[in-house]
Amino acid sequence: MNNSVTEFILFGLAHDDGKQKAIFGIFLILYLATLLGNFLIVVTIKTSQTLGGPMYFFLFYLSFADACFSTTTAPRLIADALSQKKTISYNECMTQVFAAHFFGCMEIFVLILMAFDRYVAICKPLRYTAIMSRHVCGVLVILAWVGSCIHSSAQIFLALRLPFCGPNVIDLYFCDLQPLLKLACMDTSVINLLVVSNSGAICMVSFIILLISYIVILYSLRNHSTEGRQKALSILTSHFIAVVIFFGPCVFIYTRPPTTFPIDKMVAVFYTIGTPLLNPLIYTLRNAEVKNAVKKLWCNKV
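Residues numbered from 1 in each chain as written. Predicted model: local features only at pLDDT ≥ 70, side-chain atom pairs only at ≥ 80, totals over all residues. Heavy atoms only, no water.

Next up on the list: the overall build of the protein chain. Of regular secondary structure, the protein chain possesses 11 helices and three strands. Listing each helix as α and each strand as β along the protein chain from the N terminus yields β-α-α-α-β-α-α-α-β-α-α-α-α-α. Whereas a compact globule of 302 residues would reach a radius of gyration of roughly 19 Å, the protein chain reaches 21 Å, a difference of no more than 12%. Total accessible area on the protein chain stands at roughly 14,400 Å², and carbon and sulfur atoms take up 70% of it. Of the side-chain charges in the protein chain, 22 are positive and 14 negative, and the distance between the mean point of each set is 12 Å. (Helix = DSSP H or I, 4+ residues; strand = E, 2+ residues; numbered from the N terminus. Rg over C-alpha atoms; globule rule 2.2 N^0.38 Å. Areas by Shrake-Rupley, 256 points an atom, 1.4 Å probe, with all protein chains shown as cover. Lys, Arg positive; Asp, Glu negative; His and termini not counted. Charge placed at Lys NZ, Arg CZ, Asp CG, Glu CD.)

Set out below in structure tokens:
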């Protein structure tokens, strides 16, 4: 339901020319590093003979989702940094809302699948191969895609119901439901409640599930050998760091009323651009198998 507004103005991160040039340079480097890091993991897992386990199968999709998630927001931020007219059409805005929530939700579900994989590997090692077969992993990933599509479809359904008849300045560098709710010329209390019960619930419930799974896994490790415990803790630490840096901002943004805080933009930058950049570093620097596979593959290429 769109009345008179055909485009939105993205306020961005800054308006000073010097800061705009700095934003262009910094975020172009960060975005290219994000694509390079995630592309490196995707290609390495796809071609490596040693990274065929379920954990790396899910890591492949996490890196793919990270690259796509960053691409939904970073190119617009980079291009607008050099543009005087920072506008986005209504249709482009709705597309961005759908894509950001689709790939963001996909990342959440893949993180849950990776935690489930570690739970089975540590708590049920004798049945691990049977439970986490390639067929089961494929089905789980398909369910993650379907769940992400349902979530983002619900978000875009709510966004399309918002009427805009006056203000069109979005105080952010990309389109999202929270800033759009502030511009709608209607009472948005019910829609905001639906947003919180959708995005907020997914973030909070998923985060709680992951924390419980890590607690159960840590409790099970007491029966393992010292070497096995250290290896498992190294992998779990990587997973836990990735979960915290993604879910912290996610919970902060989507589990509250449509209010504005000065720190909102920095939080948005962190989870839309920072997290996809950090995940490849977390999973390569703390994982000897991935590091060795990367060195072997790319040294041979060189």
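On to the packing of aromatic side chains. Inspection of every chain in the model, using the stated rule, returns 17 aromatic pairs. With centroids separated by 6.2 Å and ring planes inclined at 65 degrees, the aromatic side chains of Phe-64 and Trp-145 adopt a geometry described as edge-to-face. Taken together, the positions of Phe-64 in helix H2 (residues 54–71) and Trp-145 in helix H6 (residues 134–160) put the pair 81 residues apart, joining distant regions of the chain. What makes Phe-64 partly exposed here is its relative accessible area of 36%. Site record: aromatic cluster; members linked through ring pairs are Phe-69, Phe-207, Phe-246, Phe-247, Tyr-254 and Tyr-271. The ring of Phe-60 is capped by Lys-46, whose NZ or CZ atom sits 5.5 Å from the centre of that ring. (Phe/Tyr/Trp six-rings, centres within 6.5 Å; stacked < 30°, edge-to-face > 60°. Buried < 20%, exposed > 50% of the residue type's maximum accessible area, 1.4 Å probe, protein only. Lys NZ or Arg CZ within 6 Å of the ring centre and 35° of its normal.)

Let us look at the packing of helix H4 (residues 90–123) against H6. Between two packed helices, what matters for the description is the angle formed by their axes and the separation of those axes. Put simply, H4 and H6 touch, their axes get as near as 8 Å, and they point 145 degrees apart. For the element pair H4 and H6, the recorded crossing hand is right-handed. Residue composition of the contact of H4 with H6, grouped by class: 18 nonpolar, seven polar and no charged. (Axes fitted to C-alpha atoms, helices over the stretch in contact; angles between N-to-C directions. Left-handed = near helix turned anticlockwise from the far one by under 90°. Nonpolar A, V, L, I, M, F, W, Y, C, P; charged D, E, K, R; others polar.)

Before going further, it helps to spend a moment on the pairing of strand E1 (residues 7–10). On E1, burial follows the alternation: Phe-8 and Leu-10 on one face are buried, whereas Glu-7 and Ile-9 on the facing-out side are not. Across three bridges, E1 lies against strand E2 (residues 87–89) in antiparallel orientation. The residue of E2 that forms the bridge with Phe-8 is Ile-88. For E1 and strand E3 (residues 169–170), the ladder comprises two bridges, and the chain directions are parallel. Along E3, the bridge assignment pairs Ile-9 with Val-169. (Pairing = 2+ DSSP bridges.)

Let us look at the state of the cysteines. Under the criterion given, the structure shown has three disulfides. The disulfide partner of Cys-93 is Cys-175, and the S-S distance across this bridge is 2.1 Å. In this structure the cystine formed by Cys-93 and Cys-175 twists about its S-S bond by roughly -120 degrees; its chirality is therefore left-handed. Placement of the pair is Cys-93 in helix H4 and Cys-175 in the loop between E3 and helix H7 (177–183), with a sequence separation of 82 residues. Judged by its relative accessible area of 0%, Cys-93 falls in the buried class. Covalent S-S linkage joins Cys-203 and Cys-250, the inter-sulfur distance amounting to 1.9 Å. Taken together, the residues span a long stretch of sequence, with Cys-203 in helix H8 (residues 189–220) and Cys-250 in helix H9 (residues 226–254) at a distance of 47 residues. You'll find Cys-203 and Cys-250 in the same group, each marked buried. With its bonded cysteines labelled in order along the sequence, the protein chain shows the pairing 1-3, 2-4, 5-6. (Disulfide = S-S within 2.5 Å.)

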